[in-house]
Amino acid sequence: MSRYSQDIKDAIRTVPDWPEAGVMFRDIMPLLQDAQVFRKLIDSFVHRYQGMQLDAIAAIDARGFILGAPLAYELGLSLVPVRKKGKLPFATVTQEYDLEYGSATIELHTDAFKAGDRVLVMDDLIATGGTMLAACELVRKLGAEVVETAAIIDLPDLKGGDKLRQAGFDVYAICEFDGH
């Protein structure tokens, strides 16, 4: 956890019953709108990753881009967007994953990483872990190493962090929220 974890957690708004009844939506927009807390957030990630000899950040569509871009800039790393299927113009590698109802596909350009690159996979939230796990598999398909997965929020009741750890990936989140 970051020394700023509580400040960051306090800036996240909980919206009950959105997008459907029973869901407690964790809204990061107030955090992003507060310049001081947003700086604390990015600084927390910078301090964690500055000595890890990373080569790139794989930022997951779309809120992962908000975190990955300033972090990549601060650390002098490349930023690789992990996109929803059909959004990238060049040759891609894809990974399908299960949703609660159905499935989805994400993709990377085939030249996104070099073999052996050390990569941080980043998104705003870990819920069931499906998207993050699919992104990690894409990184591996290209011969790169996933050093860690990172998010602002982990929802441990949904077991996504456990799923990632069971698959062999380290997990870091700034804060946790109980429930869905």
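Above this note sits the structure.
Residues numbered from 1 in each chain as written. Predicted model: local features only at pLDDT ≥ 70, side-chain atom pairs only at ≥ 80, totals over all residues. Heavy atoms only, no water.

Participant: Break down the packing of aromatic side chains for me, citing the residues and quoting the values.
Facilitator: Describing an aromatic ring pair means giving the distance of the ring centres and the angle of the ring planes. Scanning all chains against the criterion turns up 3 aromatic pairs. Relative to Tyr172, the ring of Phe45 has its centre 6.2 Å away and its plane inclined at 80°; by these criteria the two rings are edge-to-face. Here Phe45 is found in helix α3 (residues 35-49), whereas its partner Tyr172 is found in strand β10 (residues 171-176), with 127 residues between them in sequence. Of the two residues examined, Phe45 and Tyr172, each falls in the buried class. Consider the rings of Tyr49 and Tyr172, whose centres lie 6.4 Å apart with planes at 85°: the pair is edge-to-face. (Phe/Tyr/Trp six-rings, centres within 6.5 Å; stacked < 30°, edge-to-face > 60°. Helix = DSSP H or I, 4+ residues; strand = E, 2+ residues; numbered from the N terminus. Buried < 20%, exposed > 50% of the residue type's maximum accessible area, 1.4 Å probe, protein only.)

Participant: I'd like to hear about the packing of α3 against helix α4 (residues 63-75), residue by residue, with values.
Facilitator: With their axes 10 Å apart at the nearest point, α3 and α4 run at an angle of 55° to one another. Between α3 and α4, the angle falls in the class oblique. In this structure, α3 crosses over α4, and the sense of that crossing is right-handed. Taken together, the residues of α4 that come into contact with α3 (itself represented by Phe38, Leu41, Ile42, Phe45, Val46 and Tyr49) are Ile66, Leu67, Pro70, Leu71, Glu74 and Leu75. Each residue belonging to the contact of α3 with α4 can be placed in one class, and the counts come to 11 nonpolar, no polar and 1 charged. (Axes fitted to C-alpha atoms, helices over the stretch in contact; angles between N-to-C directions. Parallel < 35°, antiparallel > 145°, perpendicular 65-115°, else oblique. Left-handed = near helix turned anticlockwise from the far one by under 90°. Contact = heavy atoms within 4.5 Å. Nonpolar A, V, L, I, M, F, W, Y, C, P; charged D, E, K, R; others polar.)

Participant: Mind laying out the nonpolar core, listing which residues take part and the relevant values?
Facilitator: If you look at soluble globular proteins, the nonpolar side chains tend to sit buried side by side. Counting 30 residues, the largest nonpolar core has Ile8, Phe45, Tyr49, Leu71 and Ile152 as the members making the most contacts within it. Broken down by secondary-structure element, the contributors of at least two residues to this core are α3, α4, β7 (118-122), β9 (145-154) and β10. Here this core gets 6 residues from one element, more than from any other, and that element is α3. The residues touching Ile8, leaving out its near neighbours within four places in the chain, are Leu31, Val37, Lys40, Leu41, Ser44, Ile152 and Ile174. In terms of nonpolar packing, the next biggest core, distinct from the first, is built from 28 residues, Val121, Ala135, Leu142 and Ala144 among them. (Core = buried A, V, L, I, M, F, W, Y, C linked by side-chain atoms within 4.5 Å.)

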